[in-house]
Amino acid sequence: MKKIRTRFAPSPTGYLHIGGARTALFNWLFTRHEAGEFILRIEDTDQERSTEESTKAILDAMEWLGLNWDEGPYFQAERVDLHRDLVQKLIKEGKAYYCTCTPEVLEEKRKKAMAAGKKPKYDGTCREKNLGKTAGSVVRFRGAQTGATVVEDLVKGNISFNNEELDDLIIERADGYPTYNFAVVVDDALMNITHVIRGDDHVNNTPRQILLYEALGFDVPKFAHVPMILGADKARLSKRHGATSVMAYKEMGYLPEALVNYLVRLGWAHGDQEIFSLSELVEVFSLGAVGKSPAVFNPEKLLWLNAHYIRETKPEKLCEEMKNFWPAIVAGADADLTKKVIADLQTRSRTLVEMAASADFYFAENLQYEPEAAQKFLQPEAAAHLKEIAARIPAWGNFTKEGIEEFLKSYAHEKEIKLKVIAQPLRVALTGKTVSPGIDEVMVTLGKDIVIKRIHAAADWIAANN
RNA sequence: GGUCCCAUCGUCUAGUGGUUAGGACGCUGGCCUCUCACGCCGGAAACCGGGGUUCAAACCCCCGUGGGACUACCA
């Protein structure tokens, strides 16, 4: 049996977007599952729109997602000699011909045909003229005009096209560069790609490509067209639906595991399972389980998955991830402290950005109180409790989560008050907010000294403001 | 317009002739509780419509309807 070889072939005309990432992911999973080889090829034959920055951005995003490749990146534009040779071969064999119709004339004819309610396909003006190469001429493929071409698709099943629907597509442009449909066939064939997995916006191109494979004498690979990703309005996902760049999600504080897990569940399922690690996916992924219908991108569920992975990830590892998100003051903080802060915040953060935002009070030199919080809880009746607690803490030996809980409870019991009577004022004193991690966790993380200092500061504040 | 694809809760989906149509996100009631989360228990919520085939159809067939893609000297 032939070794499985797949490829991801983005065009470097922008960042790697969500849809492309999922296509890459499906390719990668299928290949790793089959122990095949995954090739990366940059389709940069559009000289106008391709940029190096885009190429780099795509590579970065692939790496961030953990989608490594075995060969490449190859650059299609560096292979034009190959393409041109094969174009010449087709011309010699009478399977392609020069065409001198100008884009303007073609556009005109298209409009007319549309207006008359006819198919806007190339009318074959130059098909039998046997023209030679001239300035501005292009090369067209002489397509079959009868019969049918069947695409045997691994996810959609057999799709049949009447060849008369297919017109003579341009395979080499006036500038001497091959067009997509030609270059992709040549490269996939020459790179021994066995399975072409791509978005289903390509299904209509596939019969022409099959004809090209056959004309060139190449084996036709297997095809798998995965459905599109749509926005909330069911239109193809685009910028107006929100962030579509993979790296934008990194910047917004998403973990790659979350994005991968979310993306794979768009159009693919394994029973009722929702959570998958990359290695687990490699084990269970199959193209047969890919659905046929398009999926709407749902940011809420992504957020849930991200929260899940933030909760599940070890604080040590999150420390690393958090480096780009912490406020500036954290730079000098010691790793032990940041680890504790992360542990406190893990169940309460849906993104790393959120986590950083809710961590600021830990590092504040002079804690600011939220006005409503201070007004409600930093009242004279709380001051005595705060002072007494601060006075007792130094002697309290067991300064752990459990120890503090015990300390607070026994204090409340002794004073015959509810725990919450002192918990909220303490919370405001220590965090400046009414919402925070558990008061015991906060105290442990902050440490005795800062706790005492902040409680005194709150008592002073009460005295000064009443 | 033509060609092609698609169709189960709002969304992602399980389901391949006989199920109280299952799970997840979101929404929602409750429990837990020092606040907020987490967690746990419960609820509302779907087979696009019409014809067939069959003892029996979400599942098979046909026709509608709706959505999407393509229709470039873009990929």
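It should be noted that the structure appears before, not after, this text.
Treat the numbers as computed from the prediction; the structure is a model and nothing was measured.

Conventions and cut-offs
Residues numbered from 1 in each chain as written. Chains lettered and ligands numbered in written order. Predicted model: local features only at pLDDT ≥ 70, side-chain atom pairs only at ≥ 80, totals over all residues. Heavy atoms only, no water. Buried < 20%, exposed > 50% of the residue type's maximum accessible area, 1.4 Å probe, protein only. Helix = DSSP H or I, 4+ residues; strand = E, 2+ residues; numbered from the N terminus. Pairing = 2+ DSSP bridges. Axes fitted to C-alpha atoms, helices over the stretch in contact; angles between N-to-C directions. Near = heavy atom within 4 Å. Polar contact = N/O pair within 3.5 Å; in protein donor to acceptor, adjacent residues only side chain to side chain. Nonpolar A, V, L, I, M, F, W, Y, C, P; charged D, E, K, R; others polar. Phe/Tyr/Trp six-rings, centres within 6.5 Å; stacked < 30°, edge-to-face > 60°. Lys NZ or Arg CZ within 6 Å of the ring centre and 35° of its normal.

Draft legend 1. Structural context of helix α6 (residues 206–216). The buried count for α6 comes to nine of eleven residues, which makes it a mostly enclosed element. Positive phi appears at G217, one or two residues downstream of α6, with a value of about 80°.

Draft legend 2. Up close: the sheet that holds strand β8 (residues 170–172). In space, the three strands of this open sheet follow the order β4-β5-β8, with antiparallel pairing throughout. This sheet does not close on itself; its edge strands, each paired only once, are β4 (96–99) and β8. If you compare each strand with its neighbour and ignore which way they point, the axes differ by 45° on average. Where β4 and strand β5 (residues 138–141) come together, four bridges link them in antiparallel fashion. Following the sheet pairing, Y97 is matched in β5 by R140.

Draft legend 3. Here's a closer look at the protein's contact with RNA strand B. Around RNA strand B, the surrounding shell holds 61 residues, and the nearest of these are R173, G267, T347, R348 and R427. Near-protein atoms of RNA strand B (within 4 Å) split between backbone and bases, with sugar and phosphate holding 70%. Between RNA strand B and S11 there is a distance of 3.4 Å, counted from a sugar or linking oxygen to a side-chain nitrogen or oxygen. For the surface near RNA strand B, the secondary structure elements donating two or more residues are α4 (103–115), β7 (157–162), β12 (295–296), α10 (299–312), α18 (419–431) and α19 (439–446). Among the elements that take part in the surface near RNA strand B, α18 stands out by supplying five residues, more than any other. When grouped by side-chain class, the residues that make up the surface near RNA strand B number 20 nonpolar, 18 polar and 23 charged.

Draft legend 4. Inspection of the packing of aromatic side chains at higher detail. If you walk through the whole model with that rule in mind, you get eleven aromatic pairs. Here the aromatic rings of F26 and F285 are separated by 5.2 Å at their centres, their planes lie at 45°, and the arrangement is tilted. Here F26, found in helix α1 (residues 18–33), pairs with F285, found in the loop between α9 (278–284) and β12; they are 259 residues apart in sequence, far enough to count as distant. The same class applies to F26 as to F285, namely buried. Ring pairs connect the aromatic residues F26, W268, F276 and F285, which therefore count as one cluster. Sitting over the face of the ring of Y177, R84 holds its NZ or CZ atom 5.6 Å from the ring centroid.

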